[in-house]
Amino acid sequence: MAMLEGASSVDRLAPKVDAHEETLIRRIQNGEQELFYELVKPHERRVYTAAFAILRNPADAEEVAQEAVLKAFTHLKQFRAEARFSTWLIQIAVNEARMRLRKDHSEVMEPIGERQDDEGTYTPREFADWRELPSEALERSEIRQLLLEALASLKSKYREVFILRDIHHLSIEEVAATLEISRASVKTRLLRARLMLRDFLAPRMASGWFGREPFQKGNKPW
Amino acid sequence: MVIGCEQVWQEISNYLENEVDPSLRASIEEHVRGCKRCTAVLDGTRNIIQLYGDDRLFQVPMGYGWRLRRRLADYMPGRRGTAYGWLIAVAALGLFTATLGLARSAASAPPTARSEHAQPGKGIPSGLTVLVAGHGKLFHIAGCTFIHEKDGPVRSMTAGEAIKEGYTPCTRCLGEYLSRLANLVRKQAWAVLLL
């Protein structure tokens, strides 16, 4: 199983698991299977969000999250103690979600980021200054929705790197190992993902301009 | 070192993650101070990282954790069903067994005797000699006025045999007999104690 073999390369790079987690894993591997939920519980939210960020559908995300957890349970004996369990689990969830996406051919939205590939230089658009970031921004459902729309509009190769790095806070090395791409590709895609999201969101989020049309070239506030 | 906008954009991620050397960092900061466009790009990118790194962005569906736990419990080998499920199964089995037992007892047990005359003999010495009338349903001790000759020929047998054949004790003669016998035993016991 490529996905689980792939986890081994992450394992070598990741920090050690914490002692409690390590003890739990050992006990489960020795037959106390009922402890598995205790092991998974701290990460169940991240498993769901990883799946949701890729699939963009709550029902599919939940189903994939469940499948990922069951797969982790089945293959826990293959997990080595020097790894971070959460990284391994998220990797399984990401792979499950990617497989579901391929199966369903559900890339329905026209992704942003088509105008330049990895080799070219990405030029950020000239948008309004977006300095203000109210701490309560995420309390507003329309802002959360907008952020999810922006994320969904990225091409999957950018979205996946961004999710693993900026949402799940994996290291560059862990992202590279999880997606089986080079460290340089991770950094390039991450930069582009961030800039594309900024291009998408800045005109909408800039103070006083939320909900309006983005600035057009030649219509800048400065 | 003087750098241009394009170089700033290429290094923005590294800059925000503190992965640039001090001289490049100084150059980026110097450029940004004088460039509105790069300032906007830098601030916007920083905001993106902050917003998407916030746990509040993704909200899991209500009951997600519970459903995940249940699915996992159902999936575990040898643990098809939760403890709660087992409890329900045992309770259902108990209920079924009790119902079955009740139905059996109702179907096969003899109808409850309705009068004291129909009660089976209890506490009667099985070796006690009793009399039964041929067509009667009771057994008596000798001298009972309720032995009727019209019921057929009278036979003698032990109380144990009479009970086995389905006769029930006559409450007049045997009730009185047993009562007297009990009193006699009680008196003898007290006499023994007083001595």
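In this text the structure is predicted, and so the values were computed from the model without any measurement. (Residues numbered from 1 in each chain as written. Chains lettered and ligands numbered in written order. Predicted model: local features only at pLDDT ≥ 70, side-chain atom pairs only at ≥ 80, totals over all residues.)

Student: How would you explain the overall build of chain A if you had to name every residue and give the values?
Tutor: Each helix and strand in chain A was counted, giving 10 helices and 0 strands. Along the chain direction, N to C, the helices and strands of chain A fall in the order α-α-α-α-α-α-α-α-α-α. The buried share of chain A, reckoned over its 222 residues, is 41%. Taking as baseline every contact in chain A between residues at least 6 positions apart, the subset at least 24 positions apart corresponds to 74%. (Helix = DSSP H or I, 4+ residues; strand = E, 2+ residues; numbered from the N terminus. Buried ≥ 20, exposed ≤ 12 C-beta atoms within 10 Å, placed from the backbone. Contact = placed C-beta atoms within 7 Å.)

Student: Go over the overall build of chain B, please, and point to the residues and values.
Tutor: Looking only at helices and strands, one finds 7 helices and 4 strands in chain B. Counted from the first residue to the last, chain B has its helices and strands arranged as α-α-α-α-α-β-β-β-α-β-α.

Student: Please set out the nonpolar core residue by residue, giving values where relevant.
Tutor: Ranked by size, the top nonpolar core spans 70 residues in total, and within it Val47(A), Ala50(A), Ala51(A), Ala65(A), Ala68(A) and Ala93(A) carry the most contacts. Ranked by residues supplied to this core, first place goes to helix 10 (residues 183-205) of chain A with 11 residues. Within the second largest apolar cluster, 14 residues are counted, among which are Ala133(B), Leu138(B), Cys170(B) and Leu174(B). (Core = buried A, V, L, I, M, F, W, Y, C linked by C-beta atoms within 7 Å.)

Student: Which residues make up the interface of chain A and chain B, and what values go with them?
Tutor: Tallying the contact residues gives 39 residues for chain A and 32 residues for chain B. Where the side of chain A that touches chain B is concerned, the elements lending two or more residues are helix 3 (36-40), helix 4 (44-55), helix 5 (58-74), helix 7 (141-152), helix 8 (156-167) and helix 10 of chain A. Counting residues per element, the side of chain A that touches chain B draws most heavily on helix 10 of chain A, at 9 residues. When its residues are assigned to classes, the side of chain A that touches chain B shows 24 nonpolar, 4 polar and 11 charged. (Nonpolar A, V, L, I, M, F, W, Y, C, P; charged D, E, K, R; others polar.)

Student: Break down helix 10 of chain A for me, citing the residues and quoting the values.
Tutor: Residue and element names in this part refer to chain A. Helix length check: helix 10, at 23 residues, gives a terminal C-alpha distance of 31 Å against a target of 33 Å (1.5 Å per residue), a fit within 8%. Along helix 10, the largest kink reaches about 30 degrees and is centred on Asp199; proline Pro203 follows within four residues of it. Most of helix 10 sits inside the fold, with 18 of its 23 residues counted as buried. (Expected span 1.5 Å × (residues − 1). Bend = angle between axes of the 7 residues up to and from the residue.)

Student: Any chance you could break down unusual backbone geometry for me, citing the residues and the numbers?
Tutor: Among all residues except glycine, the phi angle is most often negative; among peptide bonds, the trans geometry is most common. Even without being a glycine, Arg56(A) presents a positive backbone phi close to 65 degrees. Examined against the element boundaries, Arg56(A) turns out to sit in the loop between helix 4 and helix 5. Even without a glycine there, the phi angle at Asn18(B) is positive, about 60 degrees. Its location among the elements puts Asn18(B) in the loop between helix 1 (5-16) and helix 2 (22-33).

Student: Tell me about the packing of helix 4 of chain A against helix 5 of chain A, and name the residues and values.
Tutor: Between two packed helices, what matters for the description is the angle formed by their axes and the separation of those axes. Residues and elements named next belong to chain A. Put simply, helix 4 and helix 5 touch, their axes get as near as 8 Å, and they point 135 degrees apart. Considering the angle they form, helix 4 stands oblique to helix 5. As helix 4 packs across helix 5, the resulting crossing turns out to be right-handed. Residues Val47, Tyr48, Ala51, Phe52 and Leu55 of helix 4 pack against Pro58, Asp60, Ala61, Glu62, Val64, Ala65, Ala68 and Val69 of helix 5. Considering only residue class, the contact of helix 4 with helix 5 consists of 11 nonpolar, no polar and 2 charged. (Axes fitted to C-alpha atoms, helices over the stretch in contact; angles between N-to-C directions. Parallel < 35°, antiparallel > 145°, perpendicular 65-115°, else oblique. Left-handed = near helix turned anticlockwise from the far one by under 90°.)

Student: Tell me about the sheet that holds strand 4 (residues 168-169) of chain B, and please be specific about residues and values.
Tutor: All names here are of chain B. Strand order in the open sheet formed by 4 strands is 3-1-2-4, with mixed pairing between adjacent strands. Strands at the two margins of the open sheet, each flanked by one partner only, are strand 3 (154-158) and strand 4. Here strand 1 (residues 129-133) runs beside strand 2 (residues 138-140); their pairing, made up of 2 bridges, is antiparallel. Bridge pairing in strand 2 links Val132 to Phe139. (Pairing = 2+ DSSP bridges.)

Student: Describe in detail the confidence of the model for chain B, supporting the description with residues and values.
Tutor: Residue and element names in this part refer to chain B. Residues at a pLDDT of 70 or more form 71% of chain B, whose mean pLDDT is 77. Ranking the elements of chain B by mean pLDDT puts helix 5 (residues 83-108) last, at 59, and helix 2 first, at 93. Listed scores for the predicted complex are pTM 0.60 and ipTM 0.74. (pLDDT = per-residue confidence, 0-100.)

Student: With reference to specific residues and values, describe helix 1 of chain B.
Tutor: Here helix 1 of chain B is 12 residues long and its end C-alpha atoms lie 16 Å apart, about the 16 Å a rise of 1.5 Å per residue gives. Buried within helix 1 of chain B are the following residues: Val8(B), Trp9(B), Ile12(B) and Ser13(B). Down the axis of helix 1 of chain B, the sector holding all buried residues measures 140 degrees, keeping them to one side. Elements that come into contact with the buried residues of helix 1 of chain B comprise helix 10 of chain A together with helix 2 and helix 3 (36-52) of chain B. Looking one or two places after helix 1 of chain B, you find Asn18(B), whose phi comes out positive at around 60 degrees. (Arc of directions from axis to C-beta.)

Student: Would you mind going over the confidence of the model for chain A in detail, with residue names and values included?
Tutor: For chain A, per-residue confidence averages 78 on the pLDDT scale, and residues scoring 70 or more make up 72% of the total. The model gives residues 1-15 of chain A a pLDDT under 50, and that stretch makes 30 contacts with residues more than four places away or in other chains.

Student: Give me the environment of Ser153(A): which residues, what numbers.
Tutor: All names here are of chain A. Counting through the fold element by element, Ser153 comes out in the loop between helix 7 and helix 8. What makes Ser153 partly exposed here is the crowd of 17 C-beta atoms within 10 Å. Put simply, Ser153 and Met196 are 43 residues apart on the chain and 9.6 Å apart in space, counted from C-alpha to C-alpha.

Student: Describe the environment of Tyr15(B), with residues and values.
Tutor: All names here are of chain B. Examined against the element boundaries, Tyr15 turns out to sit in helix 1. For Tyr15 and Glu29, which are 14 residues apart along the polypeptide, the C-alpha to C-alpha distance reads 9.6 Å. If near-sequence neighbours (up to four positions away) are discounted, Tyr15 is found in contact with Val20, Arg25 and Ile28.

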